[in-house]
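# Tertiary structure, described
What follows is each chain in one-letter form.
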Amino acid sequence: MREVAVIGTGLVSFGEMWSKSLRQMWTEAALNALEDAGVDSVGFMTIGCMSSGLFTGQEHLVSLLTDEIGMSGVPAMRVESACASGGLALRAGLAEVASGMCDVALVTGVEKMTDVDGSDATYALGTAADQDWEGFHGITFPGLYAMLARVHMQQNGTTIEQLARVAVKNHANGLLNAHAQFHLKVSVDDVLSSTLVADPLHLLDCSPITDGAAAVVIASVDRAKELAGNRPIVRITGSGMATDTISLANRRDLGELTAVRLAGERAYEMAGRSPRDIHVAEVHDCFTIAEIMATEALGFFERGAGGDAVERGLTALGGKIPVNPSGGLKSKGHPVGATGVAQIVELATQLRGEAGQRQVEGARVGLAQNMGGSGGSSVVHILEVK
Amino acid sequence: MFSPARAWREFPQRYRLEATTCDDCDTVLYPPRLVCPSCGGRDFTDVTLPRDGTVLTFTVVRVPPAGFTEQTPLPIALVELENGARVMVQIGDVDDPESVEIGMPVRLEFRRISWDGEAGVIFYGHKAVPA
């Protein structure tokens, strides 16, 4: 396999973008990435998207979007793994470039979530759970993560204040990110006094409904060297993916996110890295408990110690291992298919030293963890600059 | 909402709690499958799920999905039954949803789960009630 690098990144601002369609947001993000990379053509394209059909009534995105950007004819692949679609889209593009099938690929993610009302959006997201044996009984995604939170609290003494501190931290980081959906300082009291969505999770423990798109251009390292100019080359050194059961009822261990652990182990092995080598991480904080459990599964902290770690500030900017400097899904927003690619945009920005006020000083090795459903799939990537 | 055919084909599991056990490793499969997820076995014996179990974890859904707005707040639990099978079910017959707790003994009872408007399918299945 050839070494592959991220050579360009592009985003659109996340939020409730009433004036923008799926194709418009996607094209803006893709154009931004191509411009940043300094290329005007690619040999392959991947599109991470969870459910454009349910959210907008539109499928067949490969045809729609290659046309929209004036690249009809280019081979393209839509990738779906619920909220891990974006991370998996990177892995699909990585395989294409690493194998030599093409030299330059455009990896994208998109979700337009506000063209349906909240009830239909909840339904669409719910299709990432087992519809026959979970959804049938009225459980929601916050409900599934609430069940995991309950187990974590019982096994480890994790508190609702510790959960709230994830939201406090990520909203504080989001204040420093111009592209974030929310620029909102929140306190532990704000979180705990927000509406209960599914006990013990409050509204401010949950990521929002978001429109957004993100894109990166990846290329062989040889090609990247031609295009890099004075900027550091951001190599993709590790990629791991794992699946787990879709329903919680079939999970043997409710106290860890097994797919995250396995995806992490695979990515570390490929990169020849260990958790203590990571300087900055973007993890999938769809709910506050998810960040705590992910930081444990990725080996940043011992199992059960994730709540204590956030309380001690170990995951804050300036902490031992800054987690979600972008604001995470919590504050930056969670356009589900775009999220995994947006994480790569943030890591590349950090590793290039271009993250401004939220820059993690000296960051040379970064990790992104993206997750589908209640942990039924996860994708981990490790990016590095020399 | 599920179509009548989709509701109908799941009657054996939803109405009668029909399951199977793997002949090779005794894992209980609910609903039945063609391949045992634990050992890969393909030979099974029919069983009926026991009705008694305990709450492994739970939540109270306060922002419900479509079809459940009249039942909110909605306590839902992951219940481990006496033979080790685990089921996701609503908790019924509790006046105070805060009274549910991990380890609580429960028993499955046949109940109406949801309904698709005035003229649509009524979905039945099992809920867990305090034992």
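Just above, that's the structure.
Quick look at the structure, then.

Reading the values: rules and limits
Residues numbered from 1 in each chain as written. Chains lettered and ligands numbered in written order. Predicted model: local features only at pLDDT ≥ 70, side-chain atom pairs only at ≥ 80, totals over all residues. Heavy atoms only, no water. Pairing = 2+ DSSP bridges. Helix = DSSP H or I, 4+ residues; strand = E, 2+ residues; numbered from the N terminus. Axes fitted to C-alpha atoms, helices over the stretch in contact; angles between N-to-C directions. Core = buried A, V, L, I, M, F, W, Y, C linked by side-chain atoms within 4.5 Å. Buried < 20%, exposed > 50% of the residue type's maximum accessible area, 1.4 Å probe, protein only. Contact = heavy atoms within 4.5 Å. Polar contact = N/O pair within 3.5 Å; in protein donor to acceptor, adjacent residues only side chain to side chain.

### Side note on the sheet that holds strand S3 (residues 76–79) of chain A
Residue and element names in this part refer to chain A.
- A sheet is described by the order of its strands in space; here nine strands give the open sequence S3-S2-S4-S7-S1-S8-S11-S10-S9, paired in mixed fashion. Edge positions in the open sheet fall to S3 and strand S9 (280–282), since each of these has one partner strand only. Put simply, the sheet's adjacent strands are angled 25 degrees from each other on average, direction ignored.
- The sheet contact formed by strand S4 (residues 104–111) and strand S7 (residues 212–220) spans eight bridges and is antiparallel. Residue pairing across strands places Gly109 opposite Ala214, the latter belonging to S7.

### Examining the sheet that holds strand S2 (residues 28–29) of chain B
Residue and element names in this part refer to chain B.
- Taking strand neighbours across the sheet as the criterion, the three strands line up as S2-S1-S3 in an open arrangement whose pairing is antiparallel. Whereas interior strands pair on both sides, the edge strands pair on one side only; in this sheet they are S2 and strand S3 (44–48).
- Where strand S1 (residues 18–22) and S3 come together, five bridges link them in antiparallel fashion. Looking at the pairing, Cys22 lines up with Phe44 of S3.

### What to know about unusual backbone geometry
- Here the amide bond leading from Asp199 of chain A into Pro200 of chain A is cis, since omega sits at 5 degrees, within 30 degrees of zero.
- Within the secondary structure, Pro200 of chain A sits in the loop between strand S5 (196–198) and strand S6 (201–202).
- That bond from Tyr30 of chain B to Pro31 of chain B is cis: its omega, -5 degrees, falls within 30 degrees of zero.
- The residue Pro31 of chain B is located in the loop between S2 and S3 in this model.
- At His60 of chain A, a residue that is not glycine, the phi angle is positive and equals roughly 60 degrees.
- Its identity is not glycine, yet Asp26 of chain B carries a phi of approximately 70 degrees, on the positive side.
- Take Asp26 of chain B: it is sitting in the loop between S1 and S2.

### Here we look at the nonpolar core
Residues and elements named next belong to chain A.
- Counting 75 residues, the largest nonpolar core has Tyr145 and Phe300 as the members making the most contacts within it.
- Broken down by element, this core gets its largest block of residues, eight residues, from helix H6 (residues 141–156).
- Non-local contacts of Tyr145, meaning those with residues more than four positions away in its chain, are made with Leu201, Cys286, Phe287, Ile289, Ala290, Met371, Gly373, Ser374 and Gly375.

### Describing the environment of His126 of chain B
- Position of His126 of chain B among the secondary structure elements: in strand S8 (residues 122–130).
- Classification of His126 of chain B by relative accessible area gives buried; the value is 3%.
- Between the C-alpha atom of His126 of chain B and that of Gly53 of chain B, which follows or precedes it by 73 residues, the distance is 13 Å.
- Residue contacts for His126 of chain B: discarding those within four places in its chain leaves His137 of chain A together with Arg14, Tyr15, Leu17, Arg51, Val89, Leu108, Glu109, Phe110, Arg111 and Ile113 of chain B.
- Here the side chain of His126 of chain B touches Arg14 of chain B through a polar contact of 2.9 Å, landing on its backbone oxygen.
- One polar contact links His126 of chain B to Arg51 of chain B, side chain to side chain, over a distance of 3.3 Å.

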